[in-house]
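# Notes for the structure review
Each chain is listed here by its residues.
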Amino acid sequence: MAKKTLGRTLPMMGLPVVVVGAKVQGKVNFCTVAWVTMIDDEPPKMAVVMGKDRRTKDGILENKTFSINLPGAELAAAVDHCGLTSGHRTDKSGVFDVFFGKTLTAPMARECPVNIELTLDEIVEREGTDIVIGEIEEVYVDEDRMTGGLPDIEKLQLLMYLSAGALYFTKGRAVAEAFKVGRDFQP
Ligand SMILES: Cc1cc2nc3c(=O)[nH]c(=O)nc-3n(C[C@H](O)[C@H](O)[C@H](O)COP(=O)(O)O)c2cc1C
């Protein structure tokens, strides 16, 4: 297959898209983020890449807590809204039914099937964007999205984002078992 070159640009990748929650000056705010990753498992840590001017980041700095909420496919419009509007100008506190967990200050979106509650570990300031690193304090999962005590991909239907294509999609289909399917692979 011939390869087409796209130049020095970010490639198309299917990324999970999440909603980051924080309380800013007493008001709940949510921001859509596709640049998100796990970075360690003991202690468990995750990171989100955020633009310098994100109102949500102001709240993370203020309370040293935040949440990462994993939306289902049915929440695409609400997620997009949180990415199209800024808490600097728009009140996003009513977008989701909010609940709080053990940190008391990290707002979480009840409609999202998975909610991750974090305390701020570090903000790595870069020239263009900042990397916000958090330590996971608790993970909340809707019971009806699990089977036999494990997350069920068919039931989760998590919202994904195709970068460069600017498209939301969902990948609710199991393809193979990780750490197993490659065991007998012969190149
Ligand atoms: C699909 C999508 C993905 C986004 N991904 C990111 C991201 O990874 N990091 C980021 O800082 N902003 C991202 N944004 C933009 C922010 O969500 C947007 O600037 C938002 O208005 C910030 O809200 P805030 O100022 O209330 O925090 C994304 C927006 C959309 C629609």
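In what follows, the structure referred to is the one given above.
Treat the numbers as computed from the prediction; the structure is a model and nothing was measured.

## Description of the site of the ligand
- Contacts to the ligand come from 20 residues, most closely from C31, T56, G83, S86 and G87.
- Contributions of two or more residues to the shell around the ligand are made by β3 (27–33), β5 (44–51), α1 (55–63) and α2 (76–84).
- The greatest single-element share of the shell around the ligand, amounting to 4 residues, is contributed by β3.
- Here the residues of the shell around the ligand sort into 8 nonpolar, 9 polar and 3 charged.

## Remarks on the nonpolar core
- Core analysis: the largest hydrophobic core is formed by 34 residues, its most contacted members being V19, V20 and F30.
- Where this core is concerned, the elements lending two or more residues are β2 (18–24), β3, β5, β6 (65–70), α2, β8 (108–109), β9 (114–125) and β13 (159–162).
- Considering each element in turn, this core owes the most residues, 5 residues, to β2.
- Beyond its immediate sequence surroundings of up to four residues, F30 is in contact with V19, V20, G21, C82, K92, V95, F96 and A109.

## Here's the deal with α2
- Of all the residues in α2, the buried ones are A78, V79 and C82. All buried residues of α2 lie within an arc of 100° about the axis, which places them on one face of the element. Residues of α2 that are exposed and point more than 90 degrees away from the buried face comprise A77 and L84.

## A look at the pairing of strand β14 (residues 167–170)
- Where β13 and β14 come together, 4 bridges link them in antiparallel fashion. From the neighbouring strand, Y161 faces β14, where its bridge partner is Y168.
- What sits between β13 and β14 in their antiparallel hairpin is a turn of 4 residues, with A164 showing a positive phi close to 75°.

## Side note on the sheet that holds β5
- Spatially, 7 strands are ordered β3-β2-β6-β9-β10-β5-β4 in an open sheet, and the strand pairing comes out antiparallel. Every other strand in the sheet has two partners, leaving β3 and β4 (36–41) as the edge strands with one partner each. Between one strand and the next, the sheet's axes are offset by a mean angle of 35°, whatever the strand orientation.
- On top of the sheet, α1 reaches β2, β3, β5, β6, β9 and β10 (129–141); it is set at about 55° to β2, its chief contact.
- Packing against the sheet, α2 makes contact with β2 and β3, and its axis sits at approximately 100° to β3.

## Structural notes on unusual backbone geometry
- The peptide bond linking E42 to P43 adopts the cis configuration, its omega dihedral lying at -5°.
- Locating P43 in the fold gives a position in the loop between β4 and β5.
- You will see that Q25, though not glycine, has its phi angle at about 45°, which is positive.
- Checked against the element boundaries, Q25 lands in the loop between β2 and β3.
- By C-beta crowding, Q25 is classed as exposed, having 10 other C-beta atoms within 10 Å.
- Positive phi is not limited to glycine here, since A164 has a value of about 75°.
- Summarising the element assignment, A164 is placed in the loop between β13 and β14.
- Residue A164 is classed as exposed on the basis of its 11 C-beta neighbours within 10 Å.

Cut-offs applied
Residues numbered from 1 in each chain as written. Predicted model: local features only at pLDDT ≥ 70, side-chain atom pairs only at ≥ 80, totals over all residues. Near = placed C-beta within 6 Å. Helix = DSSP H or I, 4+ residues; strand = E, 2+ residues; numbered from the N terminus. Nonpolar A, V, L, I, M, F, W, Y, C, P; charged D, E, K, R; others polar. Core = buried A, V, L, I, M, F, W, Y, C linked by C-beta atoms within 7 Å. Buried ≥ 20, exposed ≤ 12 C-beta atoms within 10 Å, placed from the backbone. Contact = placed C-beta atoms within 7 Å. Arc of directions from axis to C-beta. Pairing = 2+ DSSP bridges. Axes fitted to C-alpha atoms, helices over the stretch in contact; angles between N-to-C directions.

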